Amino acid sequence: DGYVLTKPSREVLLAGEHHDIHYMIGCAAGDGKLFGDPLPPVIKFAQNQLDLKRDPAYVYYFTYVPPGAKEAHHSVEHHYVFQTLLRSNRPYTGFDFDLSNELADYWANFMKTGNPNGAGEQKWTPYTEDSPCYLEIAKERKMKKFN
């Protein structure tokens, strides 16, 4: 807009002019419906953090398809993270409420400490040169390596 955003965000990020804080970044599989696989741009951000010698980012990829949906659509993780499943008309099950509790714990831990890990959840490791991984949030949560 020339006032608040004086440069394109890509330039700001590559130059390291963004805040040097802990980052959790991710996307849903359905985010790429119009523009292709959404994961590579997220990975580029995580790699840029390493190139800038900053703390590594925690990366997630939400692929779980909730009941009544056809795909892991844009912003699908929000109902889970913010525990608003009951505000939706989807026929959620006990699994969905358990997943919501798990994700809310990850996000709360991250907000409190800069690290999403806590007791009981799948260990989520940050994206590093030695371990370029992300947490896949599917029926099961697991760390996957980005190729």
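Residues numbered from 1 in each chain as written. Predicted model: local features only at pLDDT ≥ 70, side-chain atom pairs only at ≥ 80, totals over all residues. Heavy atoms only, no water.

S.K.: Would you mind going over the sheet that holds strand β2 (residues 58-62) with me for this structure?
M.R.: The strands making up a sheet are joined through hydrogen bonds of the backbone, oriented either antiparallel or parallel. Strand order across the open sheet formed by four strands is β1-β2-β3-β4, with mixed pairing between neighbours. Each having just a single partner strand, β1 (24-28) and β4 (141-145) make up the two edges of the open sheet. Taken pair by pair, the neighbouring strands of this sheet meet at an average axis angle of 30°, ignoring direction. Pairing of β1 with β2, which is carried by five bridges, proceeds in the parallel orientation. (Pairing = 2+ DSSP bridges. Helix = DSSP H or I, 4+ residues; strand = E, 2+ residues; numbered from the N terminus. Axes fitted to C-alpha atoms, helices over the stretch in contact; angles between N-to-C directions.)

S.K.: What is the right way to read the pattern of salt bridges from this model?
M.R.: Within the structure shown, the criterion is met by four salt bridges. Between glutamate 17 and lysine 7 there is a salt bridge, with the nearest N and O atoms lying 2.9 Å from each other. Here the residue glutamate 17 occupies a position in the loop between α1 (9-14) and β1, and lysine 7 occupies one in the segment before α1, the gap between them amounting to 10 residues. Under the relative-accessibility criterion, glutamate 17 is labelled partly exposed at 45%. Notably, a salt bridge pairs arginine 141 with glutamate 102, separated by 3.0 Å at the nearest N-O pair. (Salt bridge = Lys/Arg side-chain N within 4 Å of Asp/Glu carboxyl O. Buried < 20%, exposed > 50% of the residue type's maximum accessible area, 1.4 Å probe, protein only.)

S.K.: What is the right way to look at helix α2 (residues 39-51) in this model?
M.R.: The end-to-end C-alpha separation of α2 is 18 Å, in line with the 18 Å expected for 13 residues at 1.5 Å each. Along α2, the residues classified as buried are Leu39, Val42, Ile43, Phe45, Ala46, Asn48, Gln49 and Leu50. Summarising the contacts, the buried residues of α2 are in contact with α1, β1, β2 and β3 (133-137). With its phi angle positive at about 65°, lysine 53 sits one or two positions after the end of α2. (Expected span 1.5 Å × (residues − 1). Contact = heavy atoms within 4.5 Å.)

S.K.: What am I meant to see in the nonpolar core here?
M.R.: Side chains of a nonpolar character, in soluble globular proteins, are inclined to be buried together. Of all hydrophobic cores here, the largest spans 21 residues; its most connected members are Phe62, Tyr80, Leu99, Leu103, Trp107, Trp124 and Ile137. Contributing elements (two or more residues each) for this core: β1, β2, α3 (77-81), α4 (94-113) and β3. Here this core gets six residues from one element, more than from any other, and that element is α4. Sequence-distant contacts of leucine 99, defined by excluding residues within four places in its chain, comprise Phe62, Tyr64, Tyr80, Ile137 and Arg141. Ranked by size, the runner-up nonpolar core spans 13 residues in total, among them Tyr23, Leu39, Ile43 and Phe45. (Core = buried A, V, L, I, M, F, W, Y, C linked by side-chain atoms within 4.5 Å.)

S.K.: Whenever I open this one, the pairing of β2 confuses me. Can you help?
M.R.: Two faces make up the sheet, and in a regular strand the side chains alternate between them. Burial of β2 is extensive: five of the five residues sit out of reach of the surface. Burial of the side chains of β2 extends over both faces: Tyr58, Tyr60 and Phe62 are buried on one face and Val59 and Tyr61 on the other. Handedness of the β-α-β unit built from β1, α2 and β2 comes out right-handed. Relative to β3, β2 runs parallel, the two sharing three bridges. Looking across to β3, one finds that tyrosine 60 is bridged to leucine 135. (Right-handed = clockwise from strand over helix to strand, strands pointing away.)

S.K.: I tried to follow the side chain of glutamate 102 on my own but got confused; where do I start?
M.R.: You can see glutamate 102 is positioned in helix α4. Judged by relative accessible area, glutamate 102 falls into the buried class, the value being 15%. What glutamate 102 contacts, discounting residues up to four positions off in sequence, is Glu121, Gln122 and Arg141.

S.K.: Help me understand the packing of aromatic side chains in this model?
M.R.: Two descriptors summarise a pair of aromatic rings, namely the distance from one centre to the other and the angle between the planes of the rings. Here the structure, examined in full by the defined rule, presents 13 aromatic pairs. Measuring from centroid to centroid gives 5.8 Å for tyrosine 80 and tyrosine 92, while their planes differ by 85°, and the two rings are edge-to-face. With tyrosine 80 in helix α3 and tyrosine 92 in the loop between α3 and α4, this pair connects stretches of sequence that are 12 residues apart. Ring-pair connections join several aromatic residues into one group, and the members of that group are Tyr58, Tyr60, Tyr106, Trp107, Phe110 and Trp124. One cation-aromatic arrangement involves lysine 139 over phenylalanine 95; the distance from NZ or CZ to the ring centre is 4.0 Å. (Phe/Tyr/Trp six-rings, centres within 6.5 Å; stacked < 30°, edge-to-face > 60°. Lys NZ or Arg CZ within 6 Å of the ring centre and 35° of its normal.)

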